[in-house]
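# Observations on the three-dimensional arrangement
For reference, the chains in residue letters:
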Amino acid sequence: MTSKPDVLAVAKLQPFYQTALESLYTVHDRTHVTDPAAFAALAPRIVGVAGTGEASVPSSLLAQLPNAKVVSVFGVGYDGVDVPAAIAHGIPVTHTPDVLTDDVADLAMGLVLSVGRGIPQADQFVRAGRWPAGPMALARKVSGARMGIVGLGRIGKAIAQRAKAFGMSIAYTARSEKPDSGFIFYPTAAALAAEVDFLVAITPGGAGTLHLINTEVLQALGPRGFLINVARGSVVDEAALIAALQNGTIAGAGLDVFANEPQVPEALWSLPNVVLTPHMASATTETRQAMADLAFANMQAGINGQPLRSPVPECMGMGAGSQGR
């Protein structure tokens, strides 16, 4: 029997992706971490790297993989991958955009409704038998409110589309103005926050957006404003957010991502004005299967020297046949 080509998984993979890879490849699960000595012998045989949006693929790892042809990320975000180093080594990086846009936008609106109307709190209010003693406190109307979107990419536009159905006015901030969007542009997150009721973060992670939502932005959002984060935990200064929630600087928050996932500070989950979800924006069966299909197709294409399905923007110029040193 001919042995299968070797692929390195640099993170725990979703079952859909793991199963697909194992149909064609021998998948080595984080061997570079668990058994460095074995990995030193294995590394020259690795032809592909499989990761997730939270995975780390540093330059030091890429340098050990002389025959790797592709890094296939299961997820849209890839800030843990040293893309310049990958390009220098002739290894294109791919990800899975578009297929999860609807799910992430849906959850963003779900968090807007949940934190604005206090839906999880209302559920607990009824379960705890507190209703007979009197009604809950009044909530915040969502329809007709003002939404600010930090990052007007594919998902940001999908969130805006949903918000428009609720009669919300839309404004945004981004690296550059998008005149064809039809929405009001603000040059900074603080300027945007000062003019909205719900501030939704959906910008990419990485050094360029680290703590983009900080004390200044939260103060601008104000005591009747809500923060929604479906981007990356690094985008928000978590300590500043906790302080803002505790002292009433903002009204509340809906968070799907955190600074040190899966560890969430007790200071967050003990607050009554916060709705928390476990980084589940794309977590539907349909979307995870579509993500796995795309990540697997990218892996196959990269290894076989075929056109990549969805390279990251920095690797758009790395066509079939350009891989390898």
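Scroll up to find the structure this text is about.
Anyway, here's the lowdown on the structure attached to this text. (Residues numbered from 1 in each chain as written. Predicted model: local features only at pLDDT ≥ 70, side-chain atom pairs only at ≥ 80, totals over all residues. Heavy atoms only, no water.)

### So, the overall build of the protein chain
A tally of regular secondary structure across the protein chain gives 13 helices and 12 strands. For the protein chain, the C-alpha radius of gyration of 22 Å lies close to 20 Å, the compact-globule estimate for 325 residues. By principal-axis analysis of the C-alpha atoms, the protein chain measures approximately 70 × 50 × 30 Å. For the protein chain, the residues scored as buried account for 50% of the 325 residues in total. The long-range share in the protein chain, meaning contacts at least 24 apart out of those at least 6 apart in sequence, stands at 60%. Roughly 15000 Å² of accessible area belongs to the protein chain as shown, and the carbon and sulfur atoms make up 55% of that amount. Charge-centre separation for the protein chain: the mean point of 22 positive side chains lies 4 Å from the mean point of 25 negative side chains. (Helix = DSSP H or I, 4+ residues; strand = E, 2+ residues; numbered from the N terminus. Rg over C-alpha atoms; globule rule 2.2 N^0.38 Å. Buried < 20%, exposed > 50% of the residue type's maximum accessible area, 1.4 Å probe, protein only. Contact = heavy atoms within 4.5 Å. Areas by Shrake-Rupley, 256 points an atom, 1.4 Å probe, with all protein chains shown as cover. Lys, Arg positive; Asp, Glu negative; His and termini not counted. Charge placed at Lys NZ, Arg CZ, Asp CG, Glu CD.)

### Thoughts on the environment of Asp102
Tracing the backbone shows Asp102 in helix 6 (residues 101-117). The exposure class assigned to Asp102 is partly exposed, which follows from its relative accessible area of 47%. For the pair formed by Asp102 and Ser181, sequence separation is 79 residues and the distance between their alpha carbons is 18 Å. At a separation of 3.1 Å, a polar atom in the side chain of Asp102 contacts the side chain of Arg162. (Polar contact = N/O pair within 3.5 Å; in protein donor to acceptor, adjacent residues only side chain to side chain.)

### Considerations on the packing of helix 6 against helix 7 (residues 119-127)
Packing of helix 6 against helix 7 brings their axes to within 5 Å, and their N-to-C directions diverge by 55°. For the element pair helix 6 / helix 7, the angle class is oblique. Contacts between helix 6 and helix 7 involve Leu113, Ser114 and Arg117 on the former and, on the latter, Ile119, Pro120 and Gln121. In terms of residue class, the contact of helix 6 with helix 7 is built from 3 nonpolar, 2 polar and 1 charged. (Axes fitted to C-alpha atoms, helices over the stretch in contact; angles between N-to-C directions. Parallel < 35°, antiparallel > 145°, perpendicular 65-115°, else oblique. Nonpolar A, V, L, I, M, F, W, Y, C, P; charged D, E, K, R; others polar.)

### Some thoughts on the packing of helix 1 (residues 15-24) against helix 13 (residues 285-304)
Direction vectors running N to C along helix 1 and helix 13 enclose 30°, while the axes themselves pass 8 Å from each other. Note that helix 1 runs across helix 13; the crossing there is right-handed. Between helix 1, through Phe16, Tyr17, Ala20, Leu21, Ser23 and Leu24, and helix 13, the contact on the second element is made entirely by Thr285, Arg288, Gln289, Ala292, Ala295, Phe296, Met299 and Gln300. When grouped by side-chain class, the residues that make up the contact of helix 1 with helix 13 number 9 nonpolar, 4 polar and 1 charged. (Left-handed = near helix turned anticlockwise from the far one by under 90°.)

### Focus: unusual backbone geometry
Note: most peptide bonds trans; most residues except glycine with negative phi. With an omega dihedral of 0°, the bond running from Glu261 to Pro262 counts as a cis peptide bond. Structurally, the position occupied by Pro262 is in the loop between strand 11 (252-255) and helix 12 (266-269). Although it is not a glycine, Arg30 adopts a positive phi angle of roughly 55°.

### Quick notes on the nonpolar core
The nonpolar side chains of soluble globular proteins are, as a tendency, buried together. In terms of nonpolar packing, the biggest core is built from 52 residues, with Tyr17, Leu21, Met147, Ile149, Ile159, Met168 and Met299 touching the most fellow members. Looking at this core element by element, the count peaks at 8 residues for helix 6. Those residues within four positions of Tyr17 in sequence are excluded, and the remaining contacts are Ala50, Gly51, Ser72, Phe74, Ala292, Ala295, Phe296 and Met299. By size, the runner-up hydrophobic cluster in this structure holds 29 residues, among which are Val150, Leu192, Leu227 and Ile250. (Core = buried A, V, L, I, M, F, W, Y, C linked by side-chain atoms within 4.5 Å.)

### A closer look at the sheet that holds strand 2 (residues 26-29)
Read across the sheet, 5 strands follow the order 2-1-3-4-5 without closing on themselves; strand pairing throughout is parallel. Looking at the sheet topology across the chains shown, the edges are occupied by strand 2 and strand 5 (93-94). The sheet contact formed by strand 3 (residues 46-52) and strand 4 (residues 71-74) spans 4 bridges and is parallel. In the strand pairing of strand 4, Thr52 is matched with Phe74. In this fold helix 13 packs onto strand 1 (6-9), strand 3, strand 4 and strand 5, with an angle of close to 180° to the strand it touches most, strand 4. (Pairing = 2+ DSSP bridges.)

### Brief notes about helix 11 (residues 238-246)
Structural remark: α-helix, 3.6 residues per turn; residues separated by three or four positions point the same way. Every buried residue of helix 11 is accounted for by Glu238, Ala240, Leu241, Ile242, Ala244 and Leu245. In this structure, the buried residues of helix 11 make contact with helix 10 (215-221), strand 10 (226-229), strand 11, helix 12 and strand 12 (274-276). Where helix 11 begins, the side chain of Asp237 points an oxygen toward the backbone nitrogen of Ala239, at a separation of 3.3 Å. Among the residues trailing helix 11, Gly248 stands out with phi positive, at a value near 80°.

### Thoughts on the sheet that holds strand 12
Strand order in the open sheet made by the 7 strands is 8-7-6-9-10-11-12, with parallel pairing throughout. Because the sheet does not close on itself, it has two edges, and the strands there are strand 8 (184-185) and strand 12. Sheet analysis places strand 9 (residues 198-201) next to strand 10, joined by 4 bridges and oriented parallel. Paired with Leu199 across the bridge in strand 10 is Leu227. On the sheet, helix 8 (residues 154-165) packs against strand 6 (146-150), strand 7 (169-173) and strand 9 and is oriented at approximately 175° with respect to strand 6.

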